[in-house]
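Structural features, examined
In case you want the letters, here they are:
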Amino acid sequence: MTRPVRAILSVVVVFGALGALLFTTMRESAAYYKHVDEVMDTPETWYGKQMNLHGFVVEKSIMKRPDTLDYRFNVKNGDKIVLASYTGVVPDTFKDGAEVVLTGTLGPDGFHAKEVMAKCPSKYDPEAKAAKGGQ
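Everything quoted here is computed from the prediction, not taken from an experiment. (Residues numbered from 1 in each chain as written. Predicted model: local features only at pLDDT ≥ 70, side-chain atom pairs only at ≥ 80, totals over all residues. Heavy atoms only, no water.)

1. Brief notes about a nonpolar patch on the surface
Judged by side-chain polarity, Val11, Val14, Phe15, Leu18 and Leu21 come together as a nonpolar surface patch covering roughly 500 Å² of accessible area. Mapped onto the elements, valine 14 comes out in helix 1 (residues 3-29). (Patch = residues over 30% accessible without salt bridge, like charges linked within 9 Å, V, L, I, M, F, W, Y side chains within 5 Å. Areas by Shrake-Rupley, 256 points an atom, 1.4 Å probe, with all protein chains shown as cover. Salt bridge = Lys/Arg side-chain N within 4 Å of Asp/Glu carboxyl O. Helix = DSSP H or I, 4+ residues; strand = E, 2+ residues; numbered from the N terminus.)

Spelled out as structure tokens, the structure:
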């Protein structure tokens, strides 16, 4: 085997390994980021796909099974609503009307969340902060 052939084979092997590593890593962590109304227009196309679902918790829809961490609630965006289920500890900011991002999959019986992130309802207002003396 000549020296140029070995160099070319080495480059192919190294870049092939890096490409395979990058592909496997990206495939496992890649997820769609969608709003409820985008997904619920054609829910069948999203069944089983890993995604981050954005919406707002519908007022008085949070139900918790007694003595468990099982939650069921409705999430809304626009005029579309999806039933979501989650088992685990929810963030303190999770409540009626909270803006949430759910990580999980959609199925015919609703969205099965593996993770719930609730955004803080407060907003940064530089004028209010300046009025308080910058604190």
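That was the structure; now back to the text.
2. Quick word on the packing of aromatic side chains
Per the stated rule, a full pass over the model turns up 3 aromatic pairs. Judged by centre distance (5.1 Å) and plane angle (85°), the rings of tyrosine 32 and tryptophan 46 are edge-to-face. Here the residue tyrosine 32 occupies a position in strand 1 (residues 32-35), and tryptophan 46 occupies one in the loop between helix 2 (36-41) and strand 2 (50-57), the gap between them amounting to 14 residues. Taking relative accessible area as the criterion, tryptophan 46 reaches 13% and is therefore assigned buried. (Phe/Tyr/Trp six-rings, centres within 6.5 Å; stacked < 30°, edge-to-face > 60°. Buried < 20%, exposed > 50% of the residue type's maximum accessible area, 1.4 Å probe, protein only.)

3. What about the nonpolar core?
Of all hydrophobic cores here, the largest spans 22 residues; its most connected members are Leu53, Phe73, Val75, Phe94, Val100, Leu102 and Phe111. Counting only elements with at least two residues in this core, the list comes to helix 2, strand 2, strand 4 (70-77), strand 5 (80-87), strand 6 (99-107) and strand 7 (110-118). Counting residues per element, this core draws most heavily on strand 7, which supplies 4 residues. Residues contacting phenylalanine 111, with those up to four places away along its chain left out, are Met51, Leu53, Val82, Leu83, Ala84, Ser85, Leu102, Thr103, Gly104, Thr105 and Leu106. (Core = buried A, V, L, I, M, F, W, Y, C linked by side-chain atoms within 4.5 Å. Contact = heavy atoms within 4.5 Å.)

4. Some details on the pattern of salt bridges
As a working rule, side chains carrying opposite charge can pair if their charged atoms are close by. Under the counting rule described, the total for this entry stands at 3 salt bridges. For arginine 65, the salt bridge is made with aspartate 70, and the minimal N-O distance between the two is 3.4 Å. For arginine 65, a relative accessible area of 52% puts it in the exposed group. Judged by relative accessible area, aspartate 70 falls into the partly exposed class, the value being 21%. Two residues, glutamate 99 and lysine 119, come together in a salt bridge whose shortest N-O distance is 3.6 Å. Highlighted residues: glutamate 99 in strand 6 and lysine 119 in the loop between strand 7 and helix 3 (126-131), separated in sequence by 20 residues.

5. So, the pairing of strand 4
Of the two faces of strand 4, only the one carrying Tyr71, Phe73, Val75 and Asn77 is buried; Asp70, Arg72, Asn74 and Lys76 on the other face are not. Note: strand 2 against strand 4, 2 bridges, orientation antiparallel. Along strand 4, the bridge assignment pairs phenylalanine 56 with lysine 76. Pairing between strand 3 (residues 63-64) and strand 4: 2 bridges, direction antiparallel. The residue bridging methionine 63 from the neighbouring strand is arginine 72, located in strand 4. (Pairing = 2+ DSSP bridges.)

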